[in-house]
Amino acid sequence: MPSPSNSDELIFFVNGKKVIEKSADPETSLLSFVRKVLRLTGTKYGCGGGGCGACTVMVSRYDPKSKKIHHYPATACLVPICSLHGAAITTVEGVGSIKKRVHPVQERLAKCHGTQCGFCSPGMVMSIYTLLRNHPEPTPEQITEALGGNLCRCTGYRPIVESGKTFCGESTVCQMKGSGKCCMDQDEGSFVSREEKMCTKLYNEDEFQPFDPSQEPIFPPELIRMAEDPNKRRLTFQGERTTWIMPATLKDLLELKASYPKAPLVMGNTTVGPNIKFKDEFYPVFISPLGLPELYFVNTTNDEVTIGAGYSLAQLNDALYFIVSDQPKEKTKTYHALLKHLRTLAGPQIRNMATLGGHVVSQPNFSDLNPILAAGNATINVISKEGTRQIPLNGPFLEGSPEANLRPEEVVLSISIPYSTQWHFVSGLRMAQRQENAFAIVNAGMSVKFEEGTNTIKDLQMFYGHVGPTVVSASQTCKRLIGRQWDDQMLSEACRWVLEEIRIPPAAEGGMVEFRRTLIISLLFKFYLKVRRGLNKMVNDFSGSLDPQKFPDIPENFVSALDDFPIQTPQGIQMFQCVDPKQPQQDPVGHPVMHQSAIKHATGEAVFVDDMPPIDQELFLAVVTSTRAHAKILSIDISEALACPGVVDVITAEDVPGDNNHSGEILYAHNEVICVGQIICTVAADTYAHAKAAAKQVKIAYEDIEPKIITIEQALAHNSFLSDERKIEQGNVEHAFENVDQIIEGEVHVEGQEHFYMETQTILAIPKAEDKEMVLHLGTQFPTHVQEYVAAALKVPRSRIACHMRRTGGAFGGKVTKPALLGAVSAVAANKTGHPIRFILERGDDMLITAGRHPLLGKYKIGFMNNGEIKAADVEYYINGGCTPDESELVMEFIVLKSENAYYIPNFRCRGRACKTNLPSNTAFRGFGFPQATVVVEAYISAVAAKCNLLPEEVKEINMYKRTSKTAHKQTFNPEPLRRCWKECLEKSSFYARKQAAEEFNKKNFWKKRGLAVVPMKFTIGIPIAFYNQAAALVHIYLDGSVLLTHGGCELGQGLHTKMIQVASRELNIPQSYVHLSETSTITVPNAIFTAGSMGTDINGKAVQNACQILLDRLQPIIKKNPKGKWEEWIGKAFEESISLSATGYFKGYQTNMDWEKEEGDAYPYYVYGASFSEVEVDCLTGAHKLLRTDIFMDAAFSINPALDIGQVEGAFIQGMGFYTIEELKYSPEGVLYSRGPDDYKIPTVTEIPEEISVTLVHSQNPIAIYSSKGLGEAGMFLGSSVLFAIYDAVSAARRERGLSNTFPLNSPATPEVIRMACVDQFIDMIPSDDPSTFTPWSIHVS
Ligand SMILES: Cc1cc2nc3c(=O)[nH]c(=O)nc-3n(C[C@H](O)[C@H](O)[C@H](O)COP(=O)(O)OP(=O)(O)OC[C@H]3O[C@@H](n4cnc5c(N)ncnc54)[C@H](O)[C@@H]3O)c2cc1C
Ligand code: FES
Ligand code: FES
């Protein structure tokens, strides 16, 4: 092995600057290099596995053969720096900056309100920017495609797409914005007739700088010279533990492969990288033949196309696209099938990095391309020093049999894919949790050849992915079917045989066993239909020579089963109240002002905690967490960990000087563990890599303790609760049940949700030399809470602890309580070591440790009349709180108080209790219980409707609050805005017309069904405890007139600071530019409560207003004396007159109260109303769904900033939609969370959002709140359930048609599995079911 002194220089460019690394380490990723070495912190860490796009950069390479420069997006977390020799990298800093020039991509993303927390924004910029470098005038479809690999948890994507669309040639934004007519506005004039004028323009395109593609930086000429150098030689980079070798020629490569047969060939690194990172694989030597000309070519002959193994999947796509447009269709069926999957396989970044060779060779069982390549009779062309050979892909190779495998010294040169022929059909079929950027749940490649002129099977091949440990061939079935006619009889036998041949064991890894079994034959059925249709078309092609009787077409109502849902570019319209034309121009209140930090987000200049420069002597922290759900800790052996390189110390419960168990929340496990993922100890080391490596060496011995409680059901059986029961009751429930026409009883299960904020929990804890002071910088919603926990843990007064919070990359409730725990864990480490501690949770640890939304079980008994009127409801709620109290009791109280939603039920009893289980402790999440509990309400309403033969919407209407009333907890309210939102929503969405159209569609389509739903909402903001609603602000005016504003609220992306600047600007009557807001800290505003509960603007706004008014009062005498004077003059004068220019503002809080003994109280300050409509289409064969349209009406009262409010509504809606449909946490029966990253937990991407979305802010009065506004942070979340109920409507239609019961369990989320299995049909009837007592399932539900 070469020694370090033999290491070559690694040369590449970053943002036009040459980088020469003399000792490049193969284990260093580009992400860590740009962030830690170059200190370019715009590129973010979101997952480390290529799945989120936060780290997107542009890679540019020069191809000496074509003499072209190739720009492509890549996820820097999966790019080893050693693979970059000769490449030019552009990071967000290289695109533009405030210091130099903001690039139009950055400017438009910001001005179109495409950033909220800003953590995803640099990645979004890079994806759009790279697209523009290749296509300066892209189509809307290209924009949507370019964003497919970038996750955003805040915005709901619509504004991001819209910013990209501004670069498209033709006008793509809704016409409403120009002409006053909108594509979605069928009911013209419904708003125009209103007293107030409605606006639709959230930004002004005229303000955008023009985009001039010729102004982009040039590719470094030095790299062109390097690429064209004919005397290339082998390069070697020697790292701390590994060596990277780049062969110069093919011969060199083959020699290297012979010398290091176990060394992987690193191409895209999209398999090797994640395996090293997440599966602990280690390789001392890597061989990287990137750029070797023999691996990059396309060769076309009369029979086949051969494509070099080095081609990326994106290049493969382009090559195939060219071929299919050039060749007759009959020859290109395999290429068409590949192209279909290449559109949705991973995201564009991965498709541009991953290579064809790497894809084929890594033989993953989930491979999307291998089953098609096998079905298309492709072959792998292999070379070694011994010579060349061909491996057929449809042989034993894909099944990974050792004899058929690639030999260690062999290299794949290319893949040959034969043309298809006339009587030959090839298809790729696929079903995934999400349409794009998600591994398939089951996929397949199938091909059939017929005897010419007949429908007699000559050859048949079926390959399935994700049904076993490798891609599996149904070869026996195929063999048996040769000679058979392609007809229904054949299909039914094929289904039976294939199920016998491919058996997924009941406890198979990945779970969803019955669903996967169903998909095996559902996909086969789709193929059957496609081929039958294809054969029928041949009758026309052969005009007259074929007997049409022998090639019947498929039934007309089966046609829509043929195609997957198309990926459309979303479009939307937003309506809000225009600002009163009489309002002074300078006053920004009511205007759609851009987020204060939007430009900084888009340029990457906004500083998040881990972007802060290293502090002298800082250490990194890695955690060791429990692998048992409930166990005694017998011993913790840290000796090996302490001996690891770079390790300074290991910190355990013994090292906590103060309270290790503060208010029931445990910092470091002591003696016992109570959940998988509980922190047992932390390792502090000089680098994170060292800390992590050492953490793996900590040995913990456990002894299991019984019981181990994971689910709500188990908690109920063990009487295991975190809090007492809460109850609200009105009327006489028992009596009412005796006098109703019908009674139904049921259960609803709602699973949990992961916050998936894009910035994981981050803490920087800096011990001070004096007086036991400690400073913490972290992303939190509740700095006071952090201060409390740190002070308690260190046993020092709170005054010694300073917490600073500037911004955080999303929070959604997940950063209310957890940062206190993690902050205290870090502070103990900082205290023990005396070093600053940087503690950045990896995505997997974050998901494991910090938990999320409470899973919920609702049990109901409902008494109602045959006309749909509900007379009595008795509802019980149980939530899975996890192992410690956290906020579970409060969540339960909210559920009990709010769950009546918009309905008046005269005899109503609602009870709730938080269960204690051995899961990580669940916590606050946007909506705080409401989104879960109201599913139960809407579910029983739907069940009543089904019994009464009414539409759910009719039953909702009948039971909805109609006039000023009292809630079940006896708080008076006026539901007029609720009625208005409901009515507008029904009208504007043309609900009844669409319902009819959907019914027509459903009659004509057996395998696809449309469904619609409208949900009403009565939501509340705030907390039923008055002192939790207080807030303070501090305003300083400096002598130049500039104003520094601070308040107790935290900027989480919601734009709180922007609104506070708007308030200060109005109150002080100065331009917004005079007001600066830097950070939130416990030093400037003490004892501030959390930023949550939708009341950030309400309470902090009042405090800011108060401070500004105090200051203005003080200035009044001066202003009076010089009314025409300027602000700066008045300030100068005030100083001369010794008037204090600093004031604290205070808001005592809304005087809410709740008496649980009496079961009554004015629990909340006011209500937020809304309604949303959604229409979906469901594929009954796969369980996929497509959201066609959504209309949201949200009662905003008076919106202080419509852009931010609409951003909150849309973002929450999409987050809610994800919660109710595709986001699914998977737990083992032992309480181990499997879903720990974007690969196995699917939040919505740009492809899930509605094709059409309209949001209207409805005007109402709310004098209690600042400027008569309303808090809209959470309300949109529940409106996402309109998608859930639309799905159930579609499923009901399918079930009705199949003669099944209309009532079926209505649980959440409605995943593809749930949808498919509810659409019971002949295929499901064929599936073998397993006796649950004979196996332990891979995963369980915990609700
Ligand atoms: C976030 C993410 C999402 C993904 N989503 C999907 C998806 O939806 N569907 C899907 O099918 N796949 C998906 N993948 C997998 C992806 O397709 C494969 O990882 C990729 O194709 C591997 O190619 P590579 O060039 O990166 O291989 P590498 O990681 O560079 O190499 C992989 C293996 O192949 C070997 N190898 C590479 N080239 C050669 C060669 N020429 N000769 C001999 N051996 C070679 C290497 O030795 C190594 O063992 C996803 C991956 C990621 C990271
Ligand atoms: S951090 Fe690289 S893709 Fe998520
Ligand atoms: S703005 Fe996209 S993740 Fe926050």
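We now turn to the structure provided with this report. Quick caveat, the model's predicted, so the values are computed rather than measured.

## What to know about the overall build of the protein chain
Turning to step 1, where the next piece is worked out: Check the secondary structure of the protein chain and you find 39 helices and 47 strands.
Turning to step 2, where the next piece is worked out: Whereas a compact globule of 1343 residues would reach a radius of gyration of roughly 34 Å, the protein chain reaches 31 Å, a difference of no more than 12%.
Turning to step 3, where the next piece is worked out: Dimensions of the protein chain, computed from the C-alpha atoms along their principal axes, are close to 95 × 85 × 70 Å.
Turning to step 4, where the next piece is worked out: Counting over 1343 residues, the protein chain shows a buried share of 65%.
Turning to step 5, where the next piece is worked out: Put simply, of all contacts in the protein chain between residues at least 6 apart along the chain, 78% involve residues at least 24 apart.
Turning to step 6, where the next piece is worked out: Accessible area for the protein chain stands at about 47,000 Å²; split by element, carbon and sulfur atoms hold 51% of it.
Turning to step 7, where the next piece is worked out: Of note, the protein chain has its 132 positive side-chain charges centred 2 Å away from the centre of its 153 negative side-chain charges.

## Side note on the pattern of salt bridges
Turning to step 1, where the next piece is worked out: Evaluation of the coordinates by the stated rule reveals 71 salt bridges.
Turning to step 2, where the next piece is worked out: For E145, the salt bridge identified is with R343, shortest N-O distance 3.8 Å. In this pair, E145 is assigned in helix α5 (residues 140-146) and R343 in helix α12 (residues 333-344), connecting sequence segments 198 residues apart.
Turning to step 3, where the next piece is worked out: Ionic pairing is found between E493 and R484, a salt bridge with its closest N-O pair at 2.5 Å.
Turning to step 4, where the next piece is worked out: Linked through salt bridges whose partners overlap, the residues forming this network are K727, E729, E734, D874, E876, R909, R911 and E1159.

## Observations regarding the site of ligand 1
Turning to step 1, where the next piece is worked out: In the vicinity of ligand 1 lie 33 residues, with M267, T270, T271, T355 and D368 positioned nearest.
Turning to step 2, where the next piece is worked out: In this structure, an oxygen atom belonging to ligand 1 sits 3.3 Å away from a main-chain N or O atom of A346.
Turning to step 3, where the next piece is worked out: The fraction of the free accessible surface of ligand 1 (970 Å²) that becomes covered by protein chains is 94%.
Turning to step 4, where the next piece is worked out: Of all the secondary structure elements, the ones that give two or more residues to the shell around ligand 1 are α14 (356-361) and β14 (411-418).
Turning to step 5, where the next piece is worked out: By residue number, the principal contributor to the shell around ligand 1 is α14, which donates 4 residues.
Turning to step 6, where the next piece is worked out: Residues of the shell around ligand 1, tallied by class, amount to 18 nonpolar, 12 polar and 3 charged.

## As for the state of the cysteines
Turning to step 1, where the next piece is worked out: Enumeration according to the criterion identifies 1 disulfide in this entry.
Turning to step 2, where the next piece is worked out: Between the sulfur atoms of C199 and its disulfide mate C578 the distance is 2.0 Å. Classification of the bridge connecting C199 and C578 rests on its S-S torsion, roughly 120 degrees, and on that basis the disulfide is right-handed. Taken together, the residues C199 in strand β6 (residues 198-199) and C578 in the loop between β19 (571-577) and α19 (598-603) connect sequence positions 379 residues apart.
Turning to step 3, where the next piece is worked out: Residue classification places C578 among the buried positions, given a relative accessible area of 16%.

## As for the packing of helix α29 (residues 952-959) against helix α30 (residues 976-988)
Turning to step 1, where the next piece is worked out: Where α29 meets α30, the axes come as close as 12 Å, and the angle between the chain directions of the two elements is 155 degrees. Regarding the angle of α29 to α30, the classification is roughly antiparallel. In terms of crossing hand, the pair formed by α29 and α30 is left-handed. In this structure, α29 uses E953, K956 and E957 to contact α30, whose residues at the interface are R979, W982 and L986.
Turning to step 2, where the next piece is worked out: When grouped by side-chain class, the residues that make up the contact of α29 with α30 number 2 nonpolar, no polar and 4 charged.

## A closer look at the environment of T625
Turning to step 1, where the next piece is worked out: You can see T625 is positioned in strand β20 (residues 619-625).
Turning to step 2, where the next piece is worked out: Under the relative-accessibility criterion, T625 is labelled buried at 17%.
Turning to step 3, where the next piece is worked out: Residue contacts for T625: discarding those within four places in its chain leaves G677, Q678, I679, I680, Y702, L848 and I849.

## Quick notes on the sheet that holds strand β8 (residues 243-246)
Turning to step 1, where the next piece is worked out: Pairing within the open sheet is mixed, and its 3 strands lie in the order β7-β8-β9. The open sheet has two edge strands, β7 (235-238) and β9 (285-287), and neither has a second partner. Taken pair by pair, the neighbouring strands of this sheet meet at an average axis angle of 15 degrees, ignoring direction.

## A word on helix α26 (residues 843-850)
Turning to step 1, where the next piece is worked out: α26 sits mainly inside the fold: 6 of its 8 residues count as buried.
Turning to step 2, where the next piece is worked out: Contacts from the buried residues of α26 go to β20, β26 (679-685) and α25 (818-833).
Turning to step 3, where the next piece is worked out: Directly beyond the C-terminal end of α26, a positive phi value near 55 degrees is found at A851.

## Comments concerning the sheet that holds strand β31 (residues 774-778)
The strands that make up a sheet pair up through hydrogen bonds in the backbone, lying either parallel or antiparallel.
Turning to step 1, where the next piece is worked out: Read across the open sheet, the 8 strands follow the order β22-β26-β20-β33-β30-β31-β32-β43; overall the sheet is mixed. One side of each edge strand has no neighbouring strand; the edge strands of this open sheet are β22 (647-651) and β43 (1080-1081).
Turning to step 2, where the next piece is worked out: When strand β30 (residues 762-767) meets strand β33 (residues 837-840), the two strands line up antiparallel, connected through 4 bridges. By the bridge assignment, T762 is partnered in β33 with I840.
Turning to step 3, where the next piece is worked out: Along the sheet, helix α21 (residues 688-695) makes contact with β20, β22 and β26, crossing β20 at roughly 25 degrees.

## Some details on the side chain of K818
Turning to step 1, where the next piece is worked out: On the secondary structure map, K818 appears in helix α25.
Turning to step 2, where the next piece is worked out: In this structure the side chain of K818 is engaged in a polar contact, spanning 3.3 Å, whose partner is the side chain of D886.
Turning to step 3, where the next piece is worked out: Of note is the side chain of K818, whose polar atom sits 2.7 Å from the backbone oxygen of S921.
Turning to step 4, where the next piece is worked out: Not counting the four nearest positions on each side in its chain, K818 is found in contact with Q761, T850, D886, S921 and T923.

## A closer look at unusual backbone geometry
Residues other than glycine predominantly adopt negative phi, and peptide bonds predominantly adopt the trans conformation.
Turning to step 1, where the next piece is worked out: Note that the residue after E706, namely P707, is joined by a cis bond; omega there is -5 degrees.
Turning to step 2, where the next piece is worked out: Relative to the helices and strands, P707 resides in the loop between β27 (699-704) and α22 (712-717).
Turning to step 3, where the next piece is worked out: In this structure, P1309 follows S1308 across a cis peptide bond, with omega equal to 5 degrees.
Turning to step 4, where the next piece is worked out: Considering the arrangement of structural elements, one finds P1309 in the loop between α37 (1281-1297) and α38 (1312-1318).
Turning to step 5, where the next piece is worked out: In this model, N1087 sits at a positive phi of 60 degrees, which is unusual for a non-glycine residue.
Turning to step 6, where the next piece is worked out: Among the structural elements, N1087 can be located in the loop between β43 and α33 (1096-1121).
Turning to step 7, where the next piece is worked out: Not every positive phi belongs to a glycine, and S1094 is a case in point at roughly 60 degrees.
Turning to step 8, where the next piece is worked out: Examined against the element boundaries, S1094 turns out to sit in the loop between β43 and α33.

Basis of the calculations
- Each chain has its residues counted from 1, following the order in which its sequence is written.
- Key to labels: chains lettered from A, ligands numbered from 1, both in the order written.
- Given that the model is predicted, a residue must reach a pLDDT of at least 70 before its local features are reported, and side-chain atom pairs must reach 80 or more before they are shown or counted; all residues, however, enter totals for whole chains, interfaces and linings.
- With hydrogens and water excluded, all non-hydrogen atoms of the structure serve as input to the side-chain values.
- Starting at the N terminus, helices and strands are each numbered in turn, a helix being any DSSP run of H or I of at least four residues and a strand any DSSP run of E of at least two.
- The globule rule is 2.2 Å times the number of residues to the power 0.38, and the radius of gyration it is compared with is taken over C-alpha atoms.
- The classification of residues rests on relative accessible area computed with a 1.4 Å probe and restricted to protein chains. Under 20% of the type maximum is buried, over 50% is exposed, and intermediate values are partly exposed.
- Residues count as neighbours in contact if any of their non-hydrogen atoms are within 4.5 Å of one another.
- In these tables, accessible area is a Shrake-Rupley quantity obtained with a 1.4 Å probe, and a residue counts as shielded only by the protein chains included in the view.
- As used throughout, the charge tally considers Lys and Arg to be positive and Asp and Glu to be negative, leaving His and the chain termini uncounted.
- For this purpose, a charge sits on NZ of Lys, CZ of Arg, CG of Asp or CD of Glu.
- Each salt bridge in this description consists of a side-chain nitrogen of Lys or Arg and a carboxyl oxygen of Asp or Glu lying within 4 Å of one another.
- Definition of nearness: a residue and a molecule or strand are near each other if at least one heavy atom of the residue lies within 4 Å of the molecule or strand.
- Any N or O atom pair separated by 3.5 Å or less is treated as a polar contact, with the protein-specific requirement of one donor-capable and one acceptor-capable atom, and with residues adjacent in sequence counted only for side-chain atom pairs.
- Three classes are used, and their members are as follows: Ala, Val, Leu, Ile, Met, Phe, Trp, Tyr, Cys and Pro are nonpolar, Asp, Glu, Lys and Arg are charged, and the others, Gly among them, are polar.
- Two cysteine sulfur atoms form a disulfide, by the criterion used here, when they sit within 2.5 Å.
- With axes taken as lines fitted to C-alpha atoms, and helix axes fitted only over the stretch in contact, angles between N-to-C directions fall between 0 and 180 degrees.
- Under this scheme an angle from 65 to 115 degrees is roughly perpendicular, one under 35 degrees roughly parallel, and one over 145 degrees roughly antiparallel; angles in between are oblique.
- In this scheme the handedness of a crossing depends on how the near helix is turned from the far one: anticlockwise by less than a right angle means left-handed, clockwise means right-handed.
- Only strands joined by at least two bridges in the DSSP assignment are considered to pair.

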